[in-house]
Amino acid sequence: MIGSKSFSALLALTSFIQAFAENTLGVREGLHFSLESRATNIDGSLPIYKNPNASIEDRVNDLLPRMTIDEKVSQIIQGDINGWMNMNDPLDDTLTYNATGLVQMMAQKGGSIWAGYLTPYTKLVYAITVGQKYLMENTTLGIPALIQSEGLHGFTDKGTIFPSPIGLASSFNTQLVSQVANITASEAEGLGINHIFAPVLDLSRELRWGRVEENFGEDPFLTGEIGNAYVTGLQSGRRRNASETAIARVSATCKHFAAFGSPQGGLNIAQVTGGERELRTMFLRPFNRACVNSLAIMTAYSAYDGVPAIANSHLLTDILRNEWGYKYWVTTDAGSVDLLINQHGLCSTRECAAKISIENGLQGEMGGGTYTYETLPAQVQAGTVDVKYVDTTVAAMLRTKFSLGLFENPYPYADYLSAIRTPASRVVLAQAETESIVLLENHGNILPLSKSIGSIALIGPQVNRVSINFAQGCELWSNDQSGFAEAVEAAKSSDVAIVMVGTWSLDQTLLWTPGTNATTGEHVDLSNLGLVGAQLALVQAVKAAGKPTIVVFVSGKPVAEPWIQENADAVIQQFYPGELGGVAIAEIIFGAVNPSGKLSVSFPRSVGTTPVFYNYLKGSRPIDAGIVSPNGSLKFGHQYVLDTPVPLWSFGHGLSYTTFSYSNLQLSPSTISKTQNFTVTVTVKNTGPVAGKEVVQVYMADDVASVVTPNQQLVGFEKVNIPAGKSATVSIPISSTQLQVWSSQSAWAVEPGTFTIKVGTSDQPFASTN
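Small disclaimer: the values here were computed from a predicted structure and weren't measured.

K.L.:
Honestly, the side chain of Thr331 in this entry has me stumped. Any pointers?
P.N.:
Its place among the elements puts Thr331 in strand S9 (residues 329–331). Setting aside chain neighbours within four positions, we find Thr331 in contact with Ile297, Met298, Thr299, Gln363, Gly364, Glu365 and Met366.

K.L.:
Which parts of the structure should I look at to understand a nonpolar patch on the surface?
P.N.:
Together, Val628, Leu634, Phe636, Val641 and Leu642 make up a nonpolar patch on the protein surface, roughly 440 Å² of accessible area in all. Structurally, Leu642 is set in the loop between strand S16 (634–635) and strand S17 (660–668). The partly exposed category is assigned to Leu642, whose relative accessible area is 32%.

K.L.:
Just checking my understanding: could you explain the sheet that holds strand S2 (residues 112–114) for this structure?
P.N.:
Strand pairs in the sheet, formed through backbone hydrogen bonds, run parallel or antiparallel to each other. Pairing within the open sheet is parallel, and its 4 strands lie in the order S1-S2-S3-S4. Looking at strand neighbours, the two that pair on one side only are strand S1 (78–80) and strand S4 (195–197), the edges of this open sheet. Taken over all neighbouring pairs, the strand axes of this sheet differ in orientation by 35 degrees on average, direction set aside. Bridging between S1 and S2 involves 3 bridges; their strand directions are parallel. Its bridge partner being in S2, Asp80 is matched across the sheet by Trp114.

K.L.:
I keep staring at the UniProt feature "domain: Fibronectin type III-like" (unreviewed entry) in the protein and nothing clicks. Help me out?
P.N.:
The sites that carry the UniProt feature "domain: Fibronectin type III-like" (unreviewed entry) are, in the present numbering, residues 694–763. Helix makes up 0% of residues 694–763 and strand 54%. Its end C-alpha atoms lie 16 Å apart.

K.L.:
Whenever I open this one, the confidence of the model for the protein confuses me. Can you help?
P.N.:
In low-pLDDT segments, the atomic positions of the prediction should not be examined closely. Chain-level statistics for the protein give a pLDDT mean of 93 and a share of 96% at 70 or above. Within the model, pLDDT remains below 50 along residues 1–29, and this stretch shows 23 contacts once partners closer than five positions in the same chain are excluded.

K.L.:
How should helix H7 (residues 174–190) be read in this particular structure?
P.N.:
Under the 1.5 Å per step criterion, the end-to-end length of H7 is 25 Å for 17 residues, consistent within 8% with the ideal 24 Å. When you tally the buried positions in H7, you get 12 out of 17 residues, the bulk of the element. Listed as buried for H7 are Leu176, Val177, Ser178, Val180, Ala181, Ile183, Thr184, Ala185, Glu187, Ala188, Glu189 and Gly190. The inward-facing, buried residues of H7 contact helix H6 (165–170), S4, helix H8 (220–235) and helix H16 (423–435).

K.L.:
Would you mind showing me how to read the nonpolar core here?
P.N.:
General note: in soluble globular proteins, nonpolar side chains tend to be found buried as a group. One finds Leu63, Ile81, Trp84, Ile196, Phe257, Leu398 and Leu714 to be the most contacted residues of the largest nonpolar core, which totals 136 residues. Here this core takes 8 residues from helix H5 (residues 121–138), the largest share from any one element. Beyond its immediate stretch of four places on either side in the chain, Leu398 contacts Val60, Leu63, Leu64, Met67, Gln75 and Ile143. Membership of the second largest hydrophobic core comes to 38 residues, among which are Val212, Ala457, Ala491 and Ala560.

K.L.:
What am I meant to see in the pattern of salt bridges here?
P.N.:
Note on pairing: side chains with opposite charge can pair once their charged atoms come close. Under the counting rule described, the total for this entry stands at 28 salt bridges. The residue Glu214 makes a salt bridge to Arg211 at a minimum N-O spacing of 3.0 Å. Taking the relative accessible area as the measure of exposure, Glu214 reaches 9% and is therefore buried. When the shortest N-O distance is used, the salt bridge between Glu225 and Arg289 registers 2.7 Å. Here Glu225 is found in helix H8, whereas its partner Arg289 is found in helix H10 (residues 285–290), with 64 residues between them in sequence. For Arg289, a relative accessible area of 39% corresponds to the partly exposed category.

K.L.:
Just checking my understanding: could you explain the packing of aromatic side chains for this structure?
P.N.:
Any two aromatic rings considered together are summarised by their centre-to-centre distance and by the angle between their planes. Inspection of the entire model under this criterion finds 21 aromatic pairs. A centroid spacing of 6.4 Å and a plane angle of 50 degrees characterise the contact between Tyr97 and Tyr126, whose relative ring orientation is tilted. Taken together, the residues span a long stretch of sequence, with Tyr97 in the loop between S1 and helix H4 (99–108) and Tyr126 in helix H5 at a distance of 29 residues. Measuring from ring centre to ring centre gives 5.9 Å for Phe172 and Phe651, while their planes differ by 55 degrees; the resulting arrangement is tilted. Here Phe172 is found in the loop between H6 and H7, whereas its partner Phe651 is found in the loop between S16 and S17, with 479 residues between them in sequence.

K.L.:
Is there a simple way to think about unusual backbone geometry in this case?
P.N.:
It is generally the case that most residues other than glycine have a negative phi and that most peptide bonds are trans. The amide bond that connects Lys255 to the next residue, His256, takes the cis arrangement and shows omega of 5 degrees. In this chain, Gln639 is followed by Tyr640 through a cis amide linkage whose omega measures 0 degrees. Structurally, Tyr640 is set in the loop between S16 and S17. The phi torsion at Tyr371 lies on the positive side, around 55 degrees, for a residue other than glycine. Within the fold, Tyr371 resides in the loop between helix H13 (350–361) and helix H14 (376–382).

About the criteria used
Residues numbered from 1 in each chain as written. Predicted model: local features only at pLDDT ≥ 70, side-chain atom pairs only at ≥ 80, totals over all residues. Heavy atoms only, no water. Helix = DSSP H or I, 4+ residues; strand = E, 2+ residues; numbered from the N terminus. Contact = heavy atoms within 4.5 Å. Patch = residues over 30% accessible without salt bridge, like charges linked within 9 Å, V, L, I, M, F, W, Y side chains within 5 Å. Areas by Shrake-Rupley, 256 points an atom, 1.4 Å probe, with all protein chains shown as cover. Salt bridge = Lys/Arg side-chain N within 4 Å of Asp/Glu carboxyl O. Buried < 20%, exposed > 50% of the residue type's maximum accessible area, 1.4 Å probe, protein only. Pairing = 2+ DSSP bridges. Axes fitted to C-alpha atoms, helices over the stretch in contact; angles between N-to-C directions. UniProt positions renumbered as here; feature names shortened; annotations may be inferred. pLDDT = per-residue confidence, 0-100. Expected span 1.5 Å × (residues − 1). Core = buried A, V, L, I, M, F, W, Y, C linked by side-chain atoms within 4.5 Å. Phe/Tyr/Trp six-rings, centres within 6.5 Å; stacked < 30°, edge-to-face > 60°.

Here it is, written out as structure tokens:
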């Protein structure tokens with residue numbers, strides 16, 4: 001006979017078992033594991049998820065039913081290493097942790113952990129090791145975490161810093177970008193960081209937006225190719241002691257999915273307006289090229305056509321998951337889910353925001369908000385959220401972790417220092433620095449300067465960042481001209497003046513600190529693309545001194561200054577450089593390196609002439625220009641009345657210290673089927689006095705189509721190094737998919753007809769055929 005206390009205990013146990021079973025994919029019977037010990041099998045066999053030789057899918061399917069709803073939700077909310085370590089002081093190297101904070105963090109937000117802190121490596125490695133050992137050895141299922149940091153242009157945790165993404169894209173060198181990403185991964189991997197928030201595949205079509213510097217430029221094809229090179233370089237390889245089924249050593253994170261970089265008014269996270277055709281033709285193409293094999297994707301803050309990206313089932317489920325077959329981890333950006341409440345107005349409660357995000361996006365929640373996903377266990381229990389959405393999202397997270405081999409070895413390596421800032425990395429860095437620099441103007445071939453030149457004046461607020469021998473002239477952020485006299489005197493007493501001006505950004509932390517200033521970066525948007533403060537006046541004053549004047553733009557985006565194009569003796573664009581930026585600009589100016597960069601983004605004459613991207617739809621840019629002459633007289637036109645929509649320098653532009661000629665352009669075959677690829681072949685000759693690297697660019701126009709198509713679009717490119725006086729035959733394969741249009745029937749189609757193919761830059765054809 002059972003006593004009342006025993007009976008009550010039995011009822012409680014029965015209720016627990018039933019509740020537990022309902023939290024494990026709805027499994028009610030036939031469980032092959034013990035409810036009390038879910039990390040083992042009843043028959044004593046090794047659980048499939050612990051078997052490194054089992055397939056990734058089998059491991060995911062074995063592990064998921066073993067998880068409680070709380071464990072599942074913990075997997076899809078981002079945690080922070082600061083939860084058990086004090087990471088606030090970048091100089092502190094104390095190796096102690098908060099045990100209570102560790103347990104709580106891993107119970108509630110243990111799937112992915114932010115670790116992008118500037119802190120001594122010994123402390124970072126200690127913190128990561130403590131976290132992963134707790135997860136592997138002190139939790140029931142032993143699921144390791146994704147450990148996360150940034151890597152847009154090098155490893156943020158004091159790794160090698162390369163040029164900014166918009167500069168890397170200006171190299172037009174996919175092999176080089178892949179090497180950059182590979183170094184970033186190697187430096188992160190040894191420290192135990194396995195998840196990098198990069199690359200950014202937004203398009204730089206709205207230049208007022210503060211984050212232009214993070215993109216690979218305005219063109220979807222170039223962005224896709226550079227992005228694919230980055231993802232491939234970052235993920236290639238396998239962690240030490242990982243399973244044979246592991247397919248990557250560090251996860252890339254393609255962001256921001258999708259159409260984030262063209263906000264209305266250029267204002268950060270503002271709405272993006274467009275239709276399905278523009279979405280497909282422009283914004284999604286880079287992601288489709290670069291990210292189907294990326295192990296993670298981050299969604300966008302903004303709304304597209306009135307639907308927030310994180311709540312867009314058409315974008316995140318229909319296209320990404322179902323059409324493209326993407327099966328890996330997707331996460332929101334920081335605080336995104338809360339925007340459904342406080343910005344987009346789709347919800348009034350955290351429960352609603354969490355429900356909409358997970359059901360429409362099958363995505364996790366990053367930190368930075370109120371952690372709305374903490375409401376999911378209760379919502380699943382109440383039946384307001386179907387557990388299948390949680391399960392699908394968790395399965396994607398597990399798939400990424402198994403693909404990284406983390407269940408076998410999630411720990412830092414003892415020899416982590418051997419991969420950081422190596423001599424080999426410095427060689428790649430030096431090449432990335434110089435190939436990212438673009439020579440925009442070179443009147444009278446003033447460049448390169450003779451190495452025997454008598455004296456040089458280094459002038460401008462940007463020089464202070466690379467050299468101590470200078471006359472500053474003005475501050476970046478001030479109209480004060482009191483330093484002009486010194487700068488002018490320096491120019492007059494020198495053979496040539498180099499003036500470095502531009503925009504400036506700040507460390508991510510400082511960007512959000514009250515009282516600081518910047519002109520580019522996240523939530524730093526511009527209404528004017530000209531030089532800020534006294535910078536233009538400084539250039540004009542130096543030029544008036546009567547000496548040859550070379551202007552170097554050091555910036556994160558195009559600078560719209562027609563006066564400089566028209567009056568400077570030479571103009572160089574150096575998008576925000578990496579560690580060797582000062583050396584690189586000197587090598588370019590003195591000809592130790594022949595410039596080979598090409599613009600990844602067009603330069604407008606003013607903010608009023610934007611957008612200025614080259615691949616506008618046919619008929620969208622009529623030109624009947626007016627002008628304000630230097631003496632102030634007015635000549636009126638119509639497009640525009642007193643200006644022109646023609647850019648100062650267009651996409652693909654970039655000069656060299658040598659010259660190239662193009663001949664013998666051929667297509668093979670010249671007539672194709674709808675699914676047939678073809679090859680563009682051209683002979684390029686170096687007709688100048690020095691060796692040089694040339695970017696052979698191939699553009700296509702669909703002569704007659706069922707919908708309006710771009711006037712031209714890049715479909716292929718290759719960078720070649722040609723000695724002086726020599727020729728190279730360059731063959732560039734073109735996929736027939738590059739000829740597709742999103743038809744009026746809302747489907748991709750290669751339509752029969754004639755396509756014009758040209759080689760050159762976007763605004764200067766060297767040869768064409770069809």
